[in-house]
Every structure is written in C-alpha cells, then in structure tokens.
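A structural walkthrough
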Amino acid sequence: MNWFIYNLDLTQYYNELYDVGLNKIPYYPYKTTAKTVESNPEYHKSIKTDMLIYTEKDGCFDIPVVKSIISLLPFTPNTASFIKLNPYVVMPIHRDDKVLRKSHLIIPIYPLNEHYTTTKFYDEDKNIIDEAVFSTTPVIINTQERHGLQNNDIVRIQFNLGFSEGIEDWHDLFCRL
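For the structure given in this document, a descriptive report is provided here. (Residues numbered from 1 in each chain as written. Predicted model: local features only at pLDDT ≥ 70, side-chain atom pairs only at ≥ 80, totals over all residues. Heavy atoms only, no water.)

This part is about the overall build of the protein chain. On a plain count of helices and strands, the protein chain comes out with four helices and eleven strands. Computed over its C-alpha atoms, the radius of gyration of the protein chain comes to 15 Å, within 12% of the 16 Å expected for a compact globule of 177 residues. Projected onto its principal axes, the C-alpha coordinates of the protein chain cover approximately 40 × 40 × 30 Å. Relative to its 177 residues, the protein chain shows a buried fraction of 47%. With the model as given, the accessible surface of the protein chain reaches about 9,000 Å², and the carbon-plus-sulfur share is 51%. Counting 17 positive and 23 negative side-chain charges, the protein chain places the centres of these two groups 7 Å from one another. (Helix = DSSP H or I, 4+ residues; strand = E, 2+ residues; numbered from the N terminus. Rg over C-alpha atoms; globule rule 2.2 N^0.38 Å. Buried < 20%, exposed > 50% of the residue type's maximum accessible area, 1.4 Å probe, protein only. Areas by Shrake-Rupley, 256 points an atom, 1.4 Å probe, with all protein chains shown as cover. Lys, Arg positive; Asp, Glu negative; His and termini not counted. Charge placed at Lys NZ, Arg CZ, Asp CG, Glu CD.)

Aromatic ring pairs: the centre-centre distance and the angle between the two ring planes describe each pair. In total, this model carries six aromatic pairs according to the counting rule given. Aromatic side chains Phe75 and Trp170 sit 4.9 Å apart centroid to centroid with 85° between the ring planes, which places their arrangement in the edge-to-face category. Taken together, the residues Phe75 in the loop between helix H3 (64–70) and strand S4 (79–85) and Trp170 in helix H4 (residues 167–176) connect sequence positions 95 residues apart. For the pair Phe75 and Trp170, a shared accessibility class is recorded, and that class is buried. Taken together, a centroid distance of 5.4 Å and an interplanar angle of 50° make the contact between Tyr116 and Phe134 tilted. Of this pair, Tyr116 sits in the loop between strand S6 (103–110) and strand S7 (119–122) while Phe134 sits in the loop between strand S8 (128–132) and strand S9 (139–142), and the two are 18 residues apart along the sequence. (Phe/Tyr/Trp six-rings, centres within 6.5 Å; stacked < 30°, edge-to-face > 60°.)

Inside soluble globular proteins, nonpolar side chains tend to come together where they are buried. Core analysis: the largest hydrophobic core is formed by 31 residues, its most contacted members being Ile63, Phe82, Leu105 and Phe159. When residues of this core are traced back to their parent elements, those giving at least two are helix H1 (11–24), strand S3 (48–55), H3, S4, S6, strand S11 (156–163) and H4. Top contributing element to this core by residue count: S11, with four residues. Core analysis: the next-biggest nonpolar cluster, separate from the first, contains eight residues, Met51, Ile53, Ile83 and Leu85 among them. (Core = buried A, V, L, I, M, F, W, Y, C linked by side-chain atoms within 4.5 Å.)

To continue, consider the pattern of salt bridges. The final tally for this structure, using the stated rule, is four salt bridges. Between Asp96 and Arg101 there is a salt bridge, with its nearest N and O atoms 3.3 Å apart. Look at Arg101 and you get partly exposed, because its relative accessible area is 25%. (Salt bridge = Lys/Arg side-chain N within 4 Å of Asp/Glu carboxyl O.)

On to H1. Over its 14 residues, H1 extends 20 Å from the first C-alpha to the last, a length consistent with the 20 Å expected when each residue adds 1.5 Å. All of the buried residues in H1 are Tyr13, Tyr14, Leu17, Val20 and Gly21. Looking at the buried residues of H1, the elements they touch are H3, S4, S6 and S11. (Expected span 1.5 Å × (residues − 1). Contact = heavy atoms within 4.5 Å.)

An order of S1-S9-S6-S11-S4-S3-S2 is seen for the seven strands of this open sheet, with the pairing classed as antiparallel. Edge positions in the sheet fall to strand S1 (3–5) and strand S2 (28–31), since each has one partner strand and no second. On average, adjacent strands in this sheet sit at an angle of 35° to one another, irrespective of strand direction. Looking at chain direction, S1 and S9 are connected through three bridges and run antiparallel. If you follow Trp3 over to S9, its bridge partner there is Ile141. Its contacts with the sheet place H1 against S4, S6 and S11, and it is angled at close to 85° to S6. (Pairing = 2+ DSSP bridges. Axes fitted to C-alpha atoms, helices over the stretch in contact; angles between N-to-C directions.)

Rendered as structure tokens:
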C-alpha cells in the first residue's frame, strides 16, 4: 500500500491554513542534508534545489493552525513542513528517513482542484507503479517507497507532517474504527 485518502475534516482550519501557506510562510530553497544523502545515496549534501520549503526547524510547529491540526491526529508528528513548488519544478524521486518519516500526511493547500499535481511512486527502474490521486483531501503516503513528482504549470503548495508510524499503522487504526 502506497497511499490512501485520510478523511480528516479540516473545514474549520482551512481558511487559516490557506492564508498561512499562501501569504505568511517565508519559503526558501531546500538544500539537501546529510539525512537526504543517507536515505538517498545518489544525492549529494548541501545542494540547493528548486523546491521551496519551511520546516519545523523554522518554527512550523509553533504556528497556531498547525497546533490545531496536530491535536486532531492519532499520532504525534516528528516533522512539519510547508512545501511550495513553482510551475514545472521537480521533486526528485526519493525515499524519506526510515525513522522520522515513515509516512507523511499531506494536506493540499493550493490549488484545490484537479490541477493539483499528485505524488507518484516508482520502482527501482524509475517506472511509475502507482499515483496518489488527490486534489482537495488529505492523504497518507508511504514515504519508504520511492516517490516524487513533476509539477505542472500551476504553483503547488502543500503542508506535510512526517511520522515514525508507517502507513500500515495508519491503515490498521482506521480499519479498527
């Protein structure tokens, strides 16, 4: 299992999340880290990318709407980030950290329609094997599978939370409910 839609009702938080993600986040270019290279040996450390980011290291967990969303969740996140991809920016195929980010909750912010570029999953030969198809609803993705995306001609903004729990933990929890 690579992904599933998480029916989290964010109605009461959506306007604030949208405002924060579009107007208040001081995005900056993502630079690859030692953790990036550890999880993805084909990468190099300290390479500036075209992806724009704002993370827990910048104070993401201190944003009131983020605190409110986290209070709704069954697991406590290790990481938090707003990610902005300008038109045609590529999020390279990668796997996330095996401890801190076994799974991600992705909350789309912009655009909230069929033009929201979705996450694709790849085999070792970089062939697409699955696609997390979503545009307005949060999803849980398995970040231990190779994943990435090529943005279209519209700016794409998302909010991510990373968890030590894997996608199976999320799925098992929802199957019990």
